[in-house]
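Observations on the three-dimensional arrangement
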Amino acid sequence: METTTLFAENNPTLFRIEMDVPLADFIQCGIEALQMDPGILDGIRQDLDQHALEKKRKRLADAEWKRKQTGSFDLECTVMPSGRHEQSLGCGRPRMSPEEVYLFILLRGYFGSVTNRIACERIRDSITIRAFYGNQFGKHLPAKTTILENINAVSPETKRRILALQQRMVLEEGLDDFKELTIDSTAVHANSVWPTDSGIIRDSLDRAFYCSQQLYQRYMVPNMMEWFVPKWLKDIRECDFTINTVSGKKGANRKRRKQYCRLYEKAEKVIQHLRSELKKHRATYSGAVLRPSLEVRLFRDLSFIESLLDTAEEVIAYSGKRVFDGKSTPSSEKVMSLSDESAAMIKKGDREPVVGYRPQVCRSRNGFVTALHVPEGNAADSPQLYPMVLESIQNTGTFPEKVSADDGYSSAVGLEQVRWIPGVLHVSLSGSKGKALTGDENWFSEELTELRRNRSAVESLMFILKYVYGFGRVRRRGIGAVRDELLEKAIAYNFMRIVHIRRERRRQVPLSA
């Protein structure tokens, strides 16, 4: 069996190390893909340059502000940040190379993170990674914050290009022909706690008040006046605790309504006071002498406080209708999370509901992820069939012959659109709706029967993605960051799938006599 040599002759160590471990093959597979399309490095380099230019623009704006305030002469300020002159990068401190950033994009998908304690320990304790990094780049591993800043600067377009490159790699090696596709969705937990109305009111006001008391430390701007807010917040926390623990006790509904009345009263006082203070701060410090970067952050924090107060008022409004009038509000109109505003209530069939996302995954016959899309909210599956097939065609460059999906994707429009794609011979939609759309004659055909029988293979893909690559619970927040995280995990899975099929093929090759 082939092994991966991680130490070269020109980089001697006490022992010559040859690794026959999946991680070594994973890294080697990623490097092979990079050699097929070096243009990915150009894309990463452009993303890093754009990120560096944005940081430089902020530095120049601060330097120009300082020059105007002090009257001092600063050579750095001779370049105007206002856009009148095109900015360019000079020779500053060395930064991570595109090859390093590419490596850590793969490793973040493989380990699920590069900053949490377990992932950091696994990366820094791995002989495979340290050996490869020392041999390839001739230096020690960077700090985790440096790694994070650089890989976060890479655009989603560049990462999708890596996914498309994998499909090209699979085709050239004959690992799959992408003629058969199976599409399915799954529920993914957001990085957020389960929402309760009283808990969201409590947390939003706690955060708003905490932020209002950090202004001096962050910006040398006086904090908002406390008044009785700490006492009111304490009362709100007590009400929230009682609301969540009174269930099952005698007179629970009456006690809960009483606590909600008290919670609303205290919350309105907090909101009224903080809005008054917020108005004063905006009027007083709108023309404050602050560095441009600090001014942007200050008004971002003030807007954040206002949004938290708006959230508290919104929850008070619809929770009051539920508590006192018995009128429920659709989950799509509720606040599901303070930390991740794009998270939604996801419910699939009879399964437990999840606060998170509903990614759409397209699987090839041999188990590769050919397309991935994360729609906003709890999007229905039926409109996703045609776009997913098109995205798979775009990534693989191959028109499928067979497409399979479950009953949730059944729609007359989607079925007709997929059938009109050149090369598509059979489209299978399981379930009663799919049967009605397909017709009895086609439904019982040998080809569609076989597609329905094989459709369960996509569940094994979902299982591996969720429980091996952490696909079932995201660490990042916001729809853009979540899309990036799940895409990186899909990329890592595909490379490991390539490694696995290669190893299986080597085992099947008979030994020569």
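To be clear, the structure that these remarks concern was listed above.
First, a word on what this report is: a plain description of the structure on this page. (Residues numbered from 1 in each chain as written. Predicted model: local features only at pLDDT ≥ 70, side-chain atom pairs only at ≥ 80, totals over all residues. Heavy atoms only, no water.)

It is worth spelling out the nonpolar core at this point. Among the nonpolar cores identified, the biggest contains 72 residues, and F26, Y102 and F495 are the most heavily contacted of them. Of all the elements, helix α19 (residues 479–508) adds the most residues to this core, at 13 residues. Each of two domains, domain 1 (1–65 + 93–154) and domain 2 (170–191 + 344–508), supplies a minimum of three residues to this core. When residues no more than four places from it in sequence are discounted, the contact partners of F495 are F26, C29, G30, A33, Y102, L106, I162, Q166 and M169. Counting 38 residues, the second largest nonpolar core, distinct from the first, contains L215, V221, L233 and Y260. (Core = buried A, V, L, I, M, F, W, Y, C linked by side-chain atoms within 4.5 Å. Buried < 20%, exposed > 50% of the residue type's maximum accessible area, 1.4 Å probe, protein only. Helix = DSSP H or I, 4+ residues; strand = E, 2+ residues; numbered from the N terminus. Domains from an automatic or database assignment. Contact = heavy atoms within 4.5 Å.)

On to the environment of P387. Looking at the element boundaries, P387 is found in helix α13 (residues 385–396). Take P387: its relative accessible area is 40%, and that puts it in the partly exposed class. Sequence separation between P387 and Q417 is 30 residues, and the spatial gap between their C-alpha atoms is 9.7 Å.

Before going further, it helps to examine a positive patch on the surface. Residues K249, K250, R254, K255, R257 and K258 make up a contiguous surface patch of positive charge. With respect to the helices, strands and loops of the structure, K255 is situated in helix α11 (residues 252–285). Its relative accessible area of 34% is what places K255 among the partly exposed residues. (Patch = residues over 30% accessible without salt bridge, like charges linked within 9 Å, V, L, I, M, F, W, Y side chains within 5 Å. Areas by Shrake-Rupley, 256 points an atom, 1.4 Å probe, with all protein chains shown as cover. Salt bridge = Lys/Arg side-chain N within 4 Å of Asp/Glu carboxyl O. Lys, Arg positive; Asp, Glu negative; His and termini not counted. Charge placed at Lys NZ, Arg CZ, Asp CG, Glu CD.)

To continue, consider the pairing of strand β10 (residues 426–429). Two strands pair when backbone bridges link them, and strand β9 (residues 402–405) and β10 are joined in this way by four bridges, in the parallel orientation. Paired with A405 across the bridge in β10 is L429. In this fold, the crossover linking β9 to β10 by way of helix α14 (residues 412–419) has right-handed handedness. (Pairing = 2+ DSSP bridges. Right-handed = clockwise from strand over helix to strand, strands pointing away.)

A separate point is the pattern of salt bridges. Pairing is possible between side chains of opposite charge, provided their charged atoms come close. If you walk through the whole model with that rule in mind, you get 40 salt bridges. The residue R160 makes a salt bridge to E157 at a minimum N-O spacing of 3.4 Å. Placement of both R160 and E157 in helix α7 (residues 156–173) is noted, with a separation of three residues, approximately one turn of the helix. By relative accessible area, which is 40% here, R160 ends up partly exposed. A cluster of three or more residues bridged by salt bridges with shared partners is formed by K231, D235, E238, R262 and K266.

Bringing the packing of helix α2 (residues 39–70) against helix α3 (residues 98–111) into the picture now. Put simply, α2 and α3 touch, their axes get as near as 9 Å, and they point 100° apart. On the basis of the axis angle, α2 is roughly perpendicular to α3. For the pair α2 and α3, the contacting residues are I40, L41, I44, R45 and L48 in the first and P98, E99, V101 and Y102 in the second. Here the contact of α2 with α3 is composed, by residue class, of seven nonpolar, no polar and two charged. (Axes fitted to C-alpha atoms, helices over the stretch in contact; angles between N-to-C directions. Parallel < 35°, antiparallel > 145°, perpendicular 65-115°, else oblique. Nonpolar A, V, L, I, M, F, W, Y, C, P; charged D, E, K, R; others polar.)

Across a sheet, strands are paired by hydrogen bonds formed along the backbone, either parallel or antiparallel in direction. Strands sit in the order β8-β7-β3-β9-β10 across an open sheet of five strands; the sheet is mixed. One side of each edge strand has no neighbouring strand; the edge strands of this open sheet are β8 (369–373) and β10. Neighbour-to-neighbour, the strand axes of this sheet turn through a mean angle of 15°, independent of strand direction. Where strand β3 (residues 180–185) lies against β9, four bridges are found, and the strand directions are parallel. Counted as the bridge partner of L181 is V403 from β9. On the sheet, α13 packs against β3, β7 (360–364), β8, β9 and β10 and is oriented at approximately 130° with respect to β8.

Bringing unusual backbone geometry into the picture now. Notably, F178 is not glycine yet its phi reads approximately 60°, a positive angle. In this fold, F178 is placed in the loop between α7 and β3. What makes F178 buried here is its relative accessible area of 1%. One non-glycine residue, M220, lies in the positive phi region at around 60°. Among the structural elements, M220 can be located in the loop between α9 (215–219) and α10 (229–245). When its relative accessible area of 60% is taken as the criterion, M220 is described as exposed.

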